Protein chains: 2
Amino acid sequence: MSENGGRTPGADAQQPASGIRYVRATVEYDGTDYCGFQWQADQPTVQGELERALAKVTQEDIRITAAGRTDAGVHARGQVIAFHTGWRHPLSELERALNAVLAEDVVVWELQPAEEEFHPRFSARSREYRYTIFNQPRRSPLARRFAYHWPHALDVEAMRQAAHKLIGTHDFATFGQPPQGENTVRQVLRAEFTCEGPFIHFDIEANAFLQRMVRSIVGTLLQVGSGKLSSADFEEILRAADRSLAGPTAPPHGLCLMRVNYE
Amino acid sequence: MSENGGRTPGADAQQPASGIRYVRATVEYDGTDYCGFQWQADQPTVQGELERALAKVTQEDIRITAAGRTDAGVHARGQVIAFHTGWRHPLSELERALNAVLAEDVVVWELQPAEEEFHPRFSARSREYRYTIFNQPRRSPLARRFAYHWPHALDVEAMRQAAHKLIGTHDFATFGQPPQGENTVRQVLRAEFTCEGPFIHFDIEANAFLQRMVRSIVGTLLQVGSGKLSSADFEEILRAADRSLAGPTAPPHGLCLMRVNYE
């Protein structure tokens, strides 16, 4: 599928012409009410909402590119986008105007000029995701949008040991499919658990991720935490590079794209 | 207005008869989508949702009493309710059945038998509320349901000093109206600020609160934090016991009933 989901190319397909600026921005969103980041006809998407706001403010037909196409229900604290625009006023004014027009579950900030070589996805050196588990017998109305409720006891130390096996360059075919091409090798730089009261946070940073990779890893780590798999089993499953061996994919609402790192 | 909002009295108006148990429970809710706690005809309320679930599970027409009638949009982590029921099975089963039937933004827990003298409101020794401010120039989609966005700089130390004046027994007529009667004297046991990244939490505990008291105090403290009032001005406004002197009432979504304490 093309970058624009089959639509006619917009501003981002053009070469920068006189008066056209290339802009990058950081985006935070509550993904609960969106069918994912990527534009879809007749579905609410974060990309659609951003492009609607850009059109309203600039009167231009603008297509954005993004660092990661988060799934339906996944949140972001630090998604990165880029777009071309003929906007002639300061970028601080564009930021203010966009945030006045955007739905309350999306906000842009850190608008800044970007180099023409910059691409939110291809220029990224690494991505950081956080998956949050609410580990208490009863569910929590206050935490329900951003944490996966796991009512049973978890051995976090066992999960931590298993997660440590992820670090380094491996074939992660067990945990996801590549968004394009066949390469399932990724480099995980960090994979750690921290506990905060009833919340268990899993923070993972990698050069790039396969589709559903974090949620598939978390679902399998939950089997380790539940005593169904040992840390050695987890390592074997990773090494097997076999998608059918992964545990159930954890639900999207516990996941948040925290940050995208560039050179 | 009567306890039941004008409806015919239900189980809670009866004397305990053979087979009727008196039960208390703790309730957590996300108040965003409710027109407050107290039952209203044709409006979604937390009380209405709890009574709907109780009716569905027990097949009885049950009326609950609660520690505090939180306003529309206010949340609770530790609301306390009580009700009479002919339920014959263990209370753990009633808890499980209720939580399976309740909307996802309400949950009950800590169901336990209560003494007949117990009343969630009148037996309470003190209540604890937390008001959360998100203090950063940009708004936050992820924090928007539970924190009031204040984009301007705040002098938290000045707010802390002013809040200290609240402690003790005072006439709080400046900050609210009594739910019944004319007595506006309350005893504040604790009033403190803590900062957590961009979040500022205001925790206040009192024997009881006037209507809108916490939000009115917070709105006035924000004027102190903004340099519009000094800590001495704040004390004068408190001592004046004059409702017209309070700052604007802070919006409900930053407020949460954290806990109700009994002997």
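Preceding this paragraph is the structure being described.
Just so it is clear, the structure is predicted and the values come from calculations on it, not from any experiment.

Residues and elements named next belong to chain A. Summarising burial for strand 5 (residues 124–134): nine of the eleven residues are buried, a large majority. Pairing geometry for strand 5 and strand 10 (residues 255–262), over seven bridges, is antiparallel. Note on strand 10: the bridge partner recorded for Ser126 is Asn261. Bridging between strand 5 and strand 9 (residues 199–206) involves eight bridges; their strand directions are antiparallel. Bridged to Arg127 within strand 9 is Ala206. Pairing geometry for strand 5 and strand 6 (residues 148–149), over two bridges, is parallel.

On to helix 1 (residues 46–58) of chain A, then. Residue and element names in this part refer to chain A. For helix 1, built from 13 residues, the straight-helix expectation of 18 Å at 1.5 Å per residue is met to within 8% by its first-to-last C-alpha distance of 18 Å. Inspection of helix 1 places Val46, Gln47, Glu49, Leu50, Glu51, Ala53, Leu54, Val57 and Thr58 among the buried residues, and these make up the whole buried set. Where helix 1 is buried, its residues touch strand 1 (21–29), strand 3 (75–85), helix 2 (91–101) and strand 4 (106–113). A positive backbone phi angle near 60 degrees is found at Gln59, which sits one or two residues after helix 1.

A full pass over the atoms with the stated rule returns 16 aromatic pairs over all chains. With centroids separated by 5.2 Å and ring planes inclined at 55 degrees, the aromatic side chains of Phe134(A) and Phe199(A) adopt a geometry described as tilted. Placement of Phe134(A) in strand 5 and of Phe199(A) in strand 9 is noted, with a sequence separation of 65 residues between them. Assessed through its relative accessible area of 24%, Phe199(A) is described here as partly exposed. Site record: aromatic cluster; members linked through ring pairs are Tyr131(A), Tyr148(A) and Trp150(A). Of note, Arg138(A) hangs over the ring of Trp109(B), and the distance from its end group to the ring centre comes to 3.5 Å.

Turning next to the pattern of salt bridges. Evaluated as defined, the whole model comprises 36 salt bridges over all chains. The partner of Glu235(A) in a salt bridge is Arg239(A), with the nearest N and O atoms 3.1 Å apart. Here the residue Glu235(A) and the residue Arg239(A) both occupy positions in helix 5 (residues 231–240), the gap between them amounting to four residues, near one helical turn. For Arg63(B), the salt bridge identified is with Asp61(B), shortest N-O distance 3.0 Å. One connected set of salt bridges, linked through shared partners, spans Asp30(A), Asp33(A), Glu104(A), Arg145(A) and Arg144(B).

Scoring rules and cut-offs
- Residues numbered from 1 in each chain as written.
- Chains lettered and ligands numbered in written order.
- Predicted model: local features only at pLDDT ≥ 70, side-chain atom pairs only at ≥ 80, totals over all residues.
- Heavy atoms only, no water.
- Buried < 20%, exposed > 50% of the residue type's maximum accessible area, 1.4 Å probe, protein only.
- Helix = DSSP H or I, 4+ residues; strand = E, 2+ residues; numbered from the N terminus.
- Pairing = 2+ DSSP bridges.
- Expected span 1.5 Å × (residues − 1).
- Contact = heavy atoms within 4.5 Å.
- Phe/Tyr/Trp six-rings, centres within 6.5 Å; stacked < 30°, edge-to-face > 60°.
- Lys NZ or Arg CZ within 6 Å of the ring centre and 35° of its normal.
- Salt bridge = Lys/Arg side-chain N within 4 Å of Asp/Glu carboxyl O.

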